[in-house]
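# Remarks on the overall topology
In case you want the letters, here they are:
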Amino acid sequence: MTGQTDPVRQDEEIRAELERLRARIAELQESKRQLEAELQESSATAQAPITTSAELESTLRWFLRRVGMILQAEKAVLMLQEPDRRELVAQWPALGLSRDDVEAFRVHASQGVSGQVFREGRPIITDDAMSDPRTIKENVALLNIRNVLTVPLMIERKDAEGQIVEKSTIGVFNVFNKRGGGRFAEEDVTLLTALAKSAASVISSAKLYIAVADEKRELEQTLQGMLAGVLVVDDENRVRLMNSAAKHIFGVPGEDGTGKLLSQVIRDEEVHDLVRSCLDGNSEATAEVSIYSPEERIYQVQTALLRGENGDVSGVVATFNDITELRGVERMKSEFVSTVSHELRTPLTSIKGFIRTLLDDTEGYYDRETQMEFYRIIDTECDRLVRLINDLLNLSRIESGRALDLVLDEVDLGELISRVVDSQRAYTDRHEFDIVVADDLPHINADRDKIDQVLTNLLSNAIKYSPDGGTISVHAREIEGNKVSVSVTDQGIGIPEDQINKLFTRFHRVDSRDSRKQYGTGIGLYLVKHLIEAHQGEVSVTSQPGEGSTFTFVLPTELSTDEGEEHEAKAS
Ligand code: ADP
């Protein structure tokens, strides 16, 4: 046992300890100097702002490591106030804390040391976190805290002269557990307050940039995803933005276009004029423009002025909506109205003509046979009118979204086919008819009048669109799955392949000279499709231009009850 203490040795030990402390202070001062230099350098080079969360994360990671080193702290974490909430939430990354710890660490602004620092805007040193009545013990235990230094995170807004005009606290900065068993001192408070100031400004401006960048990205994605073309031109007539739809409309490949003069990117004069007159006249306009890319399409173009902060015109945004189909339907509709009028007038003129002839024949000039011939023509023309009116009524039912009422009955298709063929013979003396109905063809459950309409439409088309005559064959047979198949084949003008899938749309008429020679409304096949589908069937077509066409419909022998009931329910 040494009992006595040697004063010389004691003196040496104190001296050595002092040396160590001096060296440590020098070390710390050097780190502080380095950090300040780095901070200065980073704020000088921080011209390129942080625009992504990843950049912000790596900057904060670097910053927290430095803070831990300078203040000799084991842990450090920034806490920010949640927008719209009085809660301070720990931010990732943090020094010496796991991600789970960070996620669990949140404090209401009215509680704990963090809450007090946030409310009062003044730093607090907590020497013994466990026994200090102000601390939240759960958090002290969770994060294994011995002592803490907490400073507010404040941002300052300065005016042009550099005077602070606004100050606001966005959160707090906590450093925990001084290394080497020490405590945080006033010197640490000064240092951390300075560091917190630069951290707050970095975070708040980065968050602002990130939010703006996110919004910009969202806007760009929306613009790119739009069906309408969007073109932005600045006040010097240079293209600033073209979304992918606009590039497609004007045939501009990939990244080309942006920054170039409008006239170098788009050839269309009408578009130049619209943009120019919008810029010159400072007025916005709507116009219809035909653009060839390569075939003609019609666009509704809308121009709107873009204005800068001071209200000056900074450019024009033009949107392009493809209205080709809309105009096409409008054209088809007006053609339809004129053809329907014609289709109504033709039989009426003929009926009126024959009736007048018969009425005027007071002298008995026409013999009985001729009179009968006139009556037959009147009868046929009346049938044509009834058919047209039925078609129009069915069309209006379908257009108004109502179901076609089916009056179901047992139908002998063989008998129906020969009746329809017989009545169609009256319209032609150029065609042969060939009917092949399988002997064992089962009767079907269907609406007789509607199937009559289908057959009449297909046969009258077969006659109309084989103006040079030929054989028209009607074949009916049973096929697998309790179905019957009926096909009508002609040797007429045929249908170009690219028109086949448009045939069954309303008002569609094949745009060829041979086809347009024949009068028609473009609703026959549209109705055929709806009538067959109302019977749970299908219709299809095969054709060879110049050789002829075959229209085939397939019907179930029995309607399935579910759909049948649904149908009746709709109809009632
Ligand atoms: P339309 O009243 O014009 O005949 P449809 O709807 O019955 O109307 O037929 C639509 C178009 O389909 C017709 O205008 C015609 O161009 C084409 N078409 C229909 N049937 C035939 C056919 N058998 N041969 C050739 N073209 C046909």
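Cut-offs and rules
- Residues numbered from 1 in each chain as written.
- Predicted model: local features only at pLDDT ≥ 70, side-chain atom pairs only at ≥ 80, totals over all residues.
- Heavy atoms only, no water.
- Pairing = 2+ DSSP bridges.
- Helix = DSSP H or I, 4+ residues; strand = E, 2+ residues; numbered from the N terminus.
- Axes fitted to C-alpha atoms, helices over the stretch in contact; angles between N-to-C directions.
- Contact = heavy atoms within 4.5 Å.
- pLDDT = per-residue confidence, 0-100.
- Buried < 20%, exposed > 50% of the residue type's maximum accessible area, 1.4 Å probe, protein only.
- Phe/Tyr/Trp six-rings, centres within 6.5 Å; stacked < 30°, edge-to-face > 60°.

## Concerning the sheet that holds strand β13 (residues 431-437)
Pairing within the open sheet is mixed, and its five strands lie in the order β13-β15-β16-β18-β17. Sheet topology places β13 and β17 (538-544) at the edges, where each strand pairs with a single neighbour. The mean inter-strand angle of the sheet, taken between neighbouring strand axes irrespective of direction, is 15 degrees. The sheet contacts of helix α13 (residues 448-464) involve β13, β15 (470-479), β16 (483-489) and β18 (548-556), and relative to β18 the element is tilted by about 170 degrees.

## Remarks on the confidence of the model for the protein chain
Per-residue pLDDT for the protein chain has a mean of 87; in total, 94% of the residues score no lower than 70. Confidence over residues 564-572 falls short of pLDDT 50; this stretch has seven contacts with residues more than four positions distant or in other chains.

## Re the sheet that holds strand β9 (residues 286-292)
On the basis of which strands lie adjacent, the open sheet formed by five strands has the order β8-β7-β11-β10-β9 and antiparallel pairing. In the strand order of this sheet, the two ends are held by β8 (239-242) and β9, each with one partner. In this sheet, adjacent strand axes meet at a mean angle of 25 degrees when their direction is disregarded. Summarising the sheet, β9 and strand β10 (residues 296-307) pair through seven bridges and their orientation is antiparallel.

## Re the pairing of β10
Hairpin connection from β9 to β10: three residues lie between these consecutive antiparallel strands. By the bridge criterion, nine bridges tie β10 to strand β11 (residues 313-322) in an arrangement that is antiparallel. Within β11, the position partnered with Gln300 by the bridge is Asn321. In this structure, the hairpin formed by β10 and β11 is closed by a connection of five residues, where Gly311 is found at a positive phi of approximately 90 degrees.

## Remarks on helix α4 (residues 112-120)
An α-helical turn contains 3.6 residues, so any two residues separated by three or four positions project in the same direction. In terms of burial, α4 is largely enclosed, as seven of its nine residues are buried. For α4, the set of buried residues is Gly112, Val113, Ser114, Gly115, Gln116, Val117 and Phe118. Each element contacted by the buried residues of α4 is listed here: β1 (73-81), β2 (87-90), β3 (106-108), β4 (124-126), β5 (148-158) and β6 (164-178). Directly after α4, the chain includes Gly121, whose backbone phi takes a positive value near 70 degrees.

## Digging into the packing of aromatic side chains
All chains considered together, the criterion is met by seven aromatic pairs. With 5.2 Å between their ring centres and 70 degrees between their planes, Tyr366 and Phe374 make a pair best called edge-to-face. Here Tyr366 falls in the partly exposed class, since its relative accessible area comes to 25%. Exposure remark for Phe374: the relative accessible area of 11% places this residue in the buried category. What links up through ring pairs into an aromatic cluster is the set Phe354, Tyr365, Tyr366 and Phe374.

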